[in-house]
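Fold and geometry: a report
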Amino acid sequence: TKSNILLIGPTGVGKTEIIRNITKNLDIPMASINVTDTSQSAYQGTSITDAIVRLVQNANNDIEKASHGIIFIDEIDKKAGSGEYNTGVVTTGVQDELLKLLEDNDYEVNISDNPSRPQIVTINTKNITFVCAGAFSNLAKVRQESTVKTFGFNPGKNKEKEEVTTNANAKVTKDDLRKYGLKDELIGRLHNIIELSPLTKENLIEIMKNPNNKTIKQKQEILNSLGIKLELEEDVYEILADKAIKNKTGARGLVGAVDNLFLKAMNEISDSPNSYEELIINKDTVADHHAYKLVKRKK
């Protein structure tokens, strides 16, 4: 029996990447949809049911395979009733349509890319696993407050005082999600609530150094093809990781940061690709993208 999932974690923590890797290793199709781009049927915007169309297409129109796939619905918190992007009936309508999607229903969808030649297929959602995800960044403001009574001592008399505390680190409960604006019926169909911790500085450095990280690997491959050695000093990793934590962008923010780091140097190399033998990127380059070092090739 499938169990739907709610992933809660800050931006850039890897919610999408986790599910993408799971589906890749299990060889099952996956479709992703950002709920902020969707609207209730009959309103302008993408419908939530378009995720089913994408799932079937990603399964190469294999209905049986698609019916056991995963649909990833990102930024579900943006369609919560008290969320930052609450837009009344449209927001509520999207939750209602998502609720229907999570039930055991048959859907007729058009998987054809040709408007003049529709191709209608029927798919049941009973065995499709739905993974909803969101940062729920304002959750601390709506969390359940606990009242703790303590006794203090004042000169001349004992005085009972009441303290109201909010534990922001407590495990997220269904009541918290209800107060945030998710419907009871929707919460009830998200059987597993999984919270992800923010990435640490060590995590971010490890991600950048990972040989499978295409962000740096692609730059290195280009330079290698030109016979240019790349030296990336250790301080660079630490500074970029610190910036990502400060800006709360997580691993997602590393991509743009690395691209900007190499942009000026790569432009200069492209003007004369056979003139250099080494590119040195250091901590000065992070502050000033012109402060890289290019070692010229010996004649």
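The following paragraphs examine the structure supplied in this document. (Residues numbered from 1 in each chain as written. Predicted model: local features only at pLDDT ≥ 70, side-chain atom pairs only at ≥ 80, totals over all residues. Heavy atoms only, no water.)

Comments concerning the pattern of salt bridges
Counted by the stated rule, this structure contains 13 salt bridges. Two residues, Glu17 and Arg20, come together in a salt bridge whose shortest N-O distance is 2.7 Å. Linking Glu17 with Arg20, this pair stays in helix α1 (residues 15–26), spanning three residues, or about one helical turn. Residue class for Arg20 comes out partly exposed when judged on its relative accessible area of 41%. Among the ionic pairs, Arg178 bridges to Asp184, the shortest N-O distance being 2.3 Å. (Salt bridge = Lys/Arg side-chain N within 4 Å of Asp/Glu carboxyl O. Helix = DSSP H or I, 4+ residues; strand = E, 2+ residues; numbered from the N terminus. Buried < 20%, exposed > 50% of the residue type's maximum accessible area, 1.4 Å probe, protein only.)

Remarks on helix α11 (residues 252–271)
In this model α11 runs 30 Å from its N-terminal to its C-terminal C-alpha over 20 residues, within 8% of the 28 Å that 1.5 Å per residue would give. The sharpest bend along α11 comes to roughly 40°, located at Leu263. Along α11, the residues that are buried comprise Leu254, Val258, Leu261, Phe262, Ala265, Met266 and Ile269. (Expected span 1.5 Å × (residues − 1). Bend = angle between axes of the 7 residues up to and from the residue.)

What to know about the nonpolar core
One broad rule of soluble globular proteins: the nonpolar side chains tend to lie buried together. Membership of the largest hydrophobic core comes to 39 residues, with the highest contact counts inside it found for Leu6, Ile73, Leu98, Phe136 and Leu177. Looking at this core, the element that brings in the most residues is helix α2 (residues 50–58), giving five residues. Contacts of Leu177, omitting those with residues within four sequence positions, involve Leu6, Ile8, Phe136, Val172, Leu182, Ile187 and Ile193. (Core = buried A, V, L, I, M, F, W, Y, C linked by side-chain atoms within 4.5 Å. Contact = heavy atoms within 4.5 Å.)

Here's the deal with the sheet that holds strand β12 (residues 293–296)
One open sheet accounts for three strands, arranged β10-β11-β12; its pairing is mixed. The outermost strands of the open sheet, each flanked by one partner alone, are β10 (229–232) and β12. For this sheet, the mean inter-axis angle between neighbouring strands, taken without regard to orientation, is 15°. Both strand β11 (residues 276–281) and β12 contribute to a ladder of four bridges, which runs antiparallel. Residue pairing for β12: Tyr276 is matched across the bridge by Lys296. (Pairing = 2+ DSSP bridges. Axes fitted to C-alpha atoms, helices over the stretch in contact; angles between N-to-C directions.)

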